[in-house]
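# Observations on chain architecture
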Amino acid sequence: MVKRFMALAVGAFVATLVHAATMEEEVRAVFDKYIAIQNAHDLKSMRNLLVDSPDFLWISRGKPVWGREAALKILEERYKGTWHIDVDRKEFRVISVSRRVAQVYATTQLSVGDPGAEPARNRLYINLVMVKKPEGWRIASILPILVPPQ
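Residues numbered from 1 in each chain as written. Predicted model: local features only at pLDDT ≥ 70, side-chain atom pairs only at ≥ 80, totals over all residues. Heavy atoms only, no water.

### Focus on the confidence of the model for the chain
Summary statistics for the chain give a mean pLDDT of 89 and a share of 86% for residues scoring 70 or more. Contacts for the low-pLDDT stretch residues 13-19, under 50 throughout, to residues beyond four places or in other chains number 1 contact. (pLDDT = per-residue confidence, 0-100. Contact = heavy atoms within 4.5 Å.)

### Focus: the environment of isoleucine 145
Its location among the elements puts isoleucine 145 in strand S6 (residues 136-146). Look at isoleucine 145 and you get partly exposed, because its relative accessible area is 45%. In the structure, isoleucine 145 is positioned 18 residues away from asparagine 127 in sequence and 7.9 Å away in space, judged by C-alpha atoms. In this structure isoleucine 145 touches Arg123, Leu124, Tyr125 and Asn127, once residues within four positions along its chain are discounted. (Helix = DSSP H or I, 4+ residues; strand = E, 2+ residues; numbered from the N terminus. Buried < 20%, exposed > 50% of the residue type's maximum accessible area, 1.4 Å probe, protein only.)

### Some words on the pairing of strand S2 (residues 63-66)
Across 4 bridges, strand S1 (residues 57-60) lies against S2 in antiparallel orientation. Residue pairing across strands places isoleucine 59 opposite proline 64, the latter belonging to S2. As consecutive antiparallel partners, S1 and S2 are separated by 2 residues, and within that stretch arginine 61 has a phi angle of approximately 55 degrees, a positive value. (Pairing = 2+ DSSP bridges.)

### Considerations on the layout of surface pockets
Here the largest pocket is characterised by a volume of approximately 390 Å³. In terms of lining, the largest pocket is formed by 23 residues, of which the most central are Ile59, Arg61, Leu110, Leu124 and Pro144. Looking at the lining of the largest pocket, the elements that each hand over two or more residues are helix H1 (2-40), S1, helix H3 (68-78), strand S3 (82-98), strand S4 (101-113), strand S5 (120-133) and S6. At 4 residues, the largest contribution of residues to the lining of the largest pocket is made by S6. (1 Å grid on protein atoms, 1.4 Å probe; cavity = no way out; pocket = protein on both sides within 12 Å on 5 of 7 lines; lining within 4 Å. Points joined across faces, edges and corners; volume = space filled by probe spheres on them.)

### Here's the deal with the pattern of salt bridges
The final tally for this structure, using the stated rule, is 9 salt bridges. Arginine 121 is the partner of glutamate 118 in a salt bridge, and the nearest nitrogen-oxygen pair spans 3.7 Å. (Salt bridge = Lys/Arg side-chain N within 4 Å of Asp/Glu carboxyl O.)

### Focus on the nonpolar core
Of all hydrophobic cores here, the largest spans 34 residues; its most connected members are Phe31, Tyr34, Leu128, Met130 and Ile139. For this core, the elements supplying multiple residues, two or more each, are H1, helix H2 (43-49), H3, S3, S4, S5 and S6. No other element matches H1, which puts 7 residues into this core. Residues contacting isoleucine 139, with those up to four places away along its chain left out, are Tyr34, Leu49, Leu50, Val51, Phe56, Leu128, Val129 and Met130. (Core = buried A, V, L, I, M, F, W, Y, C linked by side-chain atoms within 4.5 Å.)

This is the structure we're talking about:
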């Protein structure tokens, strides 16, 4: 009986480790796709990556933007100018909240500016909350935090 219990416990532990590794790989891949889509100014692909919900939240320039469509409308305007994100991979982390929810933390450099203008460069801590839907991982919130100059 003890051997059987130990075998089940070890099996459950291994399954948990495999799930955590798989989850991190899947979430990391979606984050990489998010960065590539942002840098390509690809609204169609961004639409598919964001949760289609009025509860989607993006904090942009210190103000909340609620809903996927509102976020896409703002991105459409910003994509007309400079909008480029570079990620510091050394500080990238995936935090498992539950089997279907993950938080992503990454330090980034955002270059943003109006068409023809010299872009501003801001260092940001990006925090994304992702949820696993039947169609895969989707972004439910984007919460950037400006890193103060040193």
